[in-house]
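Here is what each chain is made of, one letter per residue.
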Amino acid sequence: MDHIRNFCIIAHIDHGKSTLADRLLEYTQTIKITEGQMLDDMDLERERGITIKSHAIQMEYVSNKEKYILNLIDTPGHVDFSYEVSRSIAACEGALLIVDATQGVQAQTISNLYMAIDHNLEIIPVINKIDMPNAMPEEVEDEIVDLIGCDPEDIIRASGKTGEGVPEILEAIVKRIPAPKGDINAPLQALIFDSIFNSFRGIITLCKVENGVIKKGDKVKFVQTGMEYTADEVGVLKMDMVPSKQLSTGEVGYIISGIKNATEVKVGDTVTHIENPCKNAIEGFQEVKPMVFAGVYPIDPNDYENLRASLEKLQLNDASLTFQPESSQALGFGFRCGFLGLLHMEIIQERLDREFNMDVITTVPNVSYMVYDKQGNVKEVHNPSGLPDQTMIDHIEEPYIKASIITSSEYIGPIMTLCLDKRGELVSQNYVSGNRLELIFMIPLGEIVIDFYDKLKSISKGYASFDYHIDSFRPSKLAKLDILLNGEPVDALSTLTHESNAVVFGRRMCEKLKDLIPRQQFDIAIQAAIGAKIVARETVKQVRKDVTAKCYGGDISRKRKLLEKQKKGKKRMKQIGNVQVPQKAFLAVLKLD
Ligand code: GDP
Ligand code: MG
């Protein structure tokens, strides 16, 4: 046990976590890297440059003639997955805190650092990318010293590109991070910090043994879910899974027990033996609940069962995705899907498209609301159209987030305006260094879901970083805004907005939809209504578009091509009443300016 070191790497996105991890694996000859990065194994992930699912990998390292086992536990880098980050961190005794020498401390640097400090981790600060011409190691060093109160000498300067500083980092891991503690003779207690889906082996549970020993063949129980299994195989993760007889206190490894569906394995749960179980579960378990919801509908109604099958498959390896059948007057039969956040939603949408070739319409995302009726009953509502009649409602509560934004002082004005516009309240502002500040806001999550992130990026020219955590549900005066096409309400376009900006919002929706809905052979009236009251109206004027007219009769094949082209253009359209509505219209609300 004294020759084990369990650590993770925490960093703001793009500060070089994956690259540096690769250098560590290379230096310890765990892997040979030819090209690309080894830790992010999903295509999508690589493209986006973010580690979506955390994994663990074991290295061997010799320091002063002693052999050490170093377990690197990779943490996901986005706020949507912050609970998974906190569980990965909980499995470690130390953390490398990576800060980009050209960017300095950013929002996720701070939020991840706080999580690591909460779990009493030894922090090794690293300034990365010092090879870059615009690196500012001195300034960043000051920021780090201010942030964690360390000695400047404790900060390692490194480059994931040239490999500089990598040997120093490995030595620091051995010297500064404490060995795991725990009682090998106590009942088994292992923390589940992740799971991996494998199409041959099923769900592979990743865990760290806090106390006791788990052996191949043991009968085990997951404390929170109460499910019982046989540990068919246990082992450690190197570049491949390496089976072993047992995993002992302090060790990080995997358990295979014939689990087919990821929803059975809850990150943060405790594994123990059925006989002689541990008295208490490892603390801090929390059920991850989706907070952002959207309707997902097949464009072709015949694809409904295929869509269900695809969502079921996605759920096999993504336990945080939820879905329930729902129907919409406008869109027919589909599913209400629940996501951890916006990024998670985008990932699922893309995977449906790429891996399952599903043509779907996604509706405007919304958050989960707590609706209190006059009798004092509370109901969770995931869809504006599922809201009870206004007269039955006593009040509605919506989720608020605590948001941290780091930016240089020149952008403070516009950022304040944006956040206040989004019904945010400024909680505090702290200096990070020189002219950079951290602003803490409480903002309704529902406002973030709609075009906040893009706006923040554009007004700060990309120089603001953002991080958030769900804080609480709070009462809000919300109004349901309906959109009518030729007098017919389109349920899939309904939104809940704050009373104070519902009218303006309705007007902008109508204007936007007017741009997005193509002219058809009759006028289309677009109206916004709150209850029975129409608050805005626009008209898409009719057109008689005879596309073949400009071919001057003659060329038949050219005519046919044109018609085919027109047909294709219709593919991403949904017929609502007699109106053709393009997919973009359902997300119009996301792009209001
Ligand atoms: P992550 O999001 O923290 O995992 O960041 P990545 O490891 O994916 O790195 C983000 C980008 O920075 C990639 O384009 C890397 O090639 C680049 N990068 C990472 N480390 C260094 C470094 O030390 N020097 C330079 N010049 N580029 C780096
Ligand atoms: Mg990465």
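Note that this is a predicted model, so its numbers are computed, not measured. (Residues numbered from 1 in each chain as written. Chains lettered and ligands numbered in written order. Predicted model: local features only at pLDDT ≥ 70, side-chain atom pairs only at ≥ 80, totals over all residues. Heavy atoms only, no water.)

Glancing now at the sheet that holds strand β10 (residues 219-222). Strand order in the open sheet formed by eight strands is β11-β10-β16-β7-β8-β15-β12-β13, with antiparallel pairing between adjacent strands. Among the strands making up the open sheet, the edge pair consists of β11 (228-230) and β13 (241-244). Ignoring strand direction, the axes of neighbouring strands in this sheet form an average angle of 40°. Looking at chain direction, strand β12 (residues 233-237) and strand β15 (residues 252-259) are connected through three bridges and run antiparallel. Each bridged residue has a counterpart across the sheet, and for Gly 235 the counterpart in β15 is Tyr 254. (Pairing = 2+ DSSP bridges. Helix = DSSP H or I, 4+ residues; strand = E, 2+ residues; numbered from the N terminus. Axes fitted to C-alpha atoms, helices over the stretch in contact; angles between N-to-C directions.)

For ligand 1, the set of nearby residues contains 17 residues, the closest of which are Asp 14, Lys 17, Thr 19, Asp 131 and Gly 160. Here an oxygen atom of ligand 1 and a side-chain polar atom of Ser 18 are 2.8 Å apart. Asn 128 is positioned such that a nitrogen or oxygen atom in its side chain is 3.3 Å from an oxygen atom of ligand 1. Top contributing element to the shell around ligand 1 by residue count: helix α1 (residues 17-27), with three residues. For the shell around ligand 1, the residue count by class is two nonpolar, ten polar and five charged. (Near = heavy atom within 4 Å. Polar contact = N/O pair within 3.5 Å; in protein donor to acceptor, adjacent residues only side chain to side chain. Nonpolar A, V, L, I, M, F, W, Y, C, P; charged D, E, K, R; others polar.)

Domain annotation of the protein chain identifies domain 1 (2-174), domain 2 (187-271), domain 3 (290-362), domain 4 (368-475) and domain 5 (478-589). Every contact between the two is made by eleven residues of domain 3 and, on the other side, twelve residues of domain 5. Together domain 3 and domain 5 conceal approximately 1000 Å² of surface at their shared face, both sides included; 50% is due to carbon and sulfur atoms. Together, Ile 299, Ala 330 and Ile 361 form the three largest contributors to the area buried by domain 3 at its contact with domain 5, with a combined 42%. Our count for the domain 3 to domain 5 interface comes out at zero salt bridges. Where domain 3 packs against domain 5, one counts one residue pair in polar contact (both at pLDDT 80 or more). The leading source of residues in the side of domain 3 that touches domain 5 is strand β20 (residues 360-362), at three residues. Residues that form the side of domain 3 that touches domain 5 fall into these classes: six nonpolar, three polar and two charged. (Domains from an automatic or database assignment. Contact = heavy atoms within 4.5 Å. Buried area = accessible area lost by both parts, 1.4 Å probe. Salt bridge = Lys/Arg side-chain N within 4 Å of Asp/Glu carboxyl O.)

Attention now moves to the side chain of Asp 269. On the secondary structure map, Asp 269 appears in the loop between β15 and β16 (270-273). For the buried Asp 269, which has no salt bridge, the nearest side chain bearing the opposite charge is Lys 266, at an N-O separation of 7.8 Å. Other than its neighbours up to four places away in sequence, Asp 269 contacts Ala 190, Leu 191, Ile 192, Phe 222, Val 223, Gln 224, Thr 225 and Phe 285. (Buried < 20%, exposed > 50% of the residue type's maximum accessible area, 1.4 Å probe, protein only. Lys, Arg positive; Asp, Glu negative; His and termini not counted.)

This part takes up the pairing of strand β3 (residues 66-73). Side-chain positions along a regular strand alternate between the two faces of the sheet. Relative to β3, strand β1 (residues 4-11) runs parallel, the two being bridged by five bridges. By the bridge assignment for β3, Asn 6 is matched with Asn 71. Where strand β2 (residues 56-63) lies against β3, eight bridges are found, and the strand directions are antiparallel. Across the sheet, the residue bridging to Ser 63 is Glu 66, located in β3. Remark: two residues form the turn of the hairpin made by β2 and β3, two consecutive strands paired antiparallel; Asn 64 in that turn has positive phi of roughly 50°.

Listed under "binding site: GTP" (unreviewed entry) in the UniProt record, and renumbered for this structure, are Asp 14, His 15, Gly 16, Lys 17, Ser 18, Thr 19, Asn 128, Lys 129, Ile 130 and Asp 131. Locating Gly 16 in the fold gives a position in the loop between β1 and α1. The contacts of Gly 16, once residues within four sequence positions are left out, are Asn 128 and Lys 129. (UniProt positions renumbered as here; feature names shortened; annotations may be inferred.)

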